[in-house]
Amino acid sequence: GLVPAAFLAIPLFDVSIFKIGIPLIFLLVSLYIFGVTLGLLVTSGLIRFGPSFENIAWASLFFLAPLGCIYYPVEILPEWLQLIAKLLPLVHLFEEMRSILIYDIVNYHSVLKACLISFVYFIIGIIVFYVSYNGAKKRGTLINMGEWLHKFIEKIKKFESKPFIVSNFLNKEEVKLFQNLYNE
């Protein structure tokens, strides 16, 4: 995680994220909230469209890296793309981290902006999730997801007689837990 990377970066690159101080907490919380939001949106897509949405989910994450300006300043992007990128909290987060580390200046307005943008996306993510979940309940597609669990349990039952395979896949307690959940 973060601590080993930080302790490697200090002697190797003479850069310490601990110099960021208290704003680091807000920046990391904002980053975490945005990550949870992405998880909610991907889960919503999977609930609504099923496993075929997985390709779209992976592709969307690949678009976030260049737009989030994780590896370079936002000024490198063309102006029209900068406008789109600034709608993401990632840009504000990483730009502020760069500003603190390079110029030793904390712009609390940018920190607050990143937190607010993350929070707005989080609220949108919750709304989209509930809409997808309620739609799936009405259509009855949540039951179809239960069929996957049933097939999974049936495959495990076949492996119960082969302890080596079960021990590499699930231990006996986990197999019993799945069986009890399914039989309830």
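Residues numbered from 1 in each chain as written. Predicted model: local features only at pLDDT ≥ 70, side-chain atom pairs only at ≥ 80, totals over all residues. Heavy atoms only, no water.

S.K.: Looking at this structure, how should I read the packing of helix α5 (residues 89-103) against helix α6 (residues 108-139)?
M.R.: A packed helix pair is summarised by two numbers, namely the angle formed by the two axes and the spacing between the axes. For the pair α5 and α6, interaxial distance at closest approach is 8 Å and the crossing angle is 155 degrees. Comparing their axes, α6 and α5 come out roughly antiparallel. Like other packed secondary-structure pairs, α5 and α6 cross with a definite hand, here left-handed. In this structure, α5 uses P89, H92, L93 and E96 to contact α6, whose residues at the interface are S110, V111, K113, A114, I117, S118 and Y121. Class assignment of the residues belonging to the contact of α5 with α6 gives a composition of six nonpolar, three polar and two charged. (Axes fitted to C-alpha atoms, helices over the stretch in contact; angles between N-to-C directions. Helix = DSSP H or I, 4+ residues; strand = E, 2+ residues; numbered from the N terminus. Parallel < 35°, antiparallel > 145°, perpendicular 65-115°, else oblique. Left-handed = near helix turned anticlockwise from the far one by under 90°. Contact = heavy atoms within 4.5 Å. Nonpolar A, V, L, I, M, F, W, Y, C, P; charged D, E, K, R; others polar.)

S.K.: Can you help me understand helix α2 (residues 22-49) in this one?
M.R.: Helical geometry: 3.6 residues make up each α-helical turn, so side chains three or four residues apart lie on a common side. Relative to the 40 Å expected for 28 residues at 1.5 Å per residue, α2 spans 41 Å between its end C-alpha atoms, a close match to the ideal helical length. Following α2 by one or two positions, G50 adopts a phi angle in the positive range, close to 85 degrees. (Expected span 1.5 Å × (residues − 1).)

S.K.: I would appreciate a short explanation of the packing of aromatic side chains in the present structure.
M.R.: Here the distance between the centres and the angle between the planes together describe a pair of aromatic rings. Applying the stated criterion across every chain, the model contains four aromatic pairs. For the pair F129 and Y130, a centre-to-centre distance of 5.9 Å together with 70 degrees between the ring planes defines the contact as edge-to-face. Judged by its relative accessible area of 49%, Y130 is partly exposed. Ring pairs connect the aromatic residues F129, Y130 and Y133, which therefore count as one cluster. (Phe/Tyr/Trp six-rings, centres within 6.5 Å; stacked < 30°, edge-to-face > 60°. Buried < 20%, exposed > 50% of the residue type's maximum accessible area, 1.4 Å probe, protein only.)

S.K.: Got a minute to help me understand the packing of α2 against α5 in this structure?
M.R.: Running from amino to carboxyl end, α2 crosses α5 at an angle of 160 degrees, the nearest separation of the two axes being 10 Å. What the angle tells us is that α2 and α5 run roughly antiparallel. Taken as a pair, α2 and α5 cross one another with a handedness that is left-handed. Contact residues: P23, L24, L27, L28, S30, L31 and F34 in α2; P89, L90, L93, F94, E96, M97 and I100 in α5. A class-by-class count of the residues in the contact of α2 with α5 yields twelve nonpolar, one polar and one charged.

S.K.: Which parts of the structure should I look at to understand a nonpolar patch on the surface?
M.R.: On the surface, L2, V3, F7, I10, F18 and L28 cluster together to form a nonpolar patch covering roughly 530 Å² of accessible area. Among the elements that line the nonpolar patch, the one with the most residues is helix α1 (residues 2-13), at four residues. With respect to the secondary-structure elements, V3 resides in helix α1. (Patch = residues over 30% accessible without salt bridge, like charges linked within 9 Å, V, L, I, M, F, W, Y side chains within 5 Å. Areas by Shrake-Rupley, 256 points an atom, 1.4 Å probe, with all protein chains shown as cover. Salt bridge = Lys/Arg side-chain N within 4 Å of Asp/Glu carboxyl O.)

S.K.: Help me out: how do you make sense of the environment of S132 in this one?
M.R.: Relative to the assigned elements, S132 resides in helix α6. S132 gets classed as buried once you look at its relative accessible area, which sits at 9%. Here the alpha-carbon distance between S132 and S44, two residues 88 residues apart in the chain, equals 5.5 Å. Sequence-distant contacts of S132, defined by excluding residues within four places in its chain, comprise S44, I47, R48 and R139.

As far as function goes, none of this settles anything; it's purely spatial.
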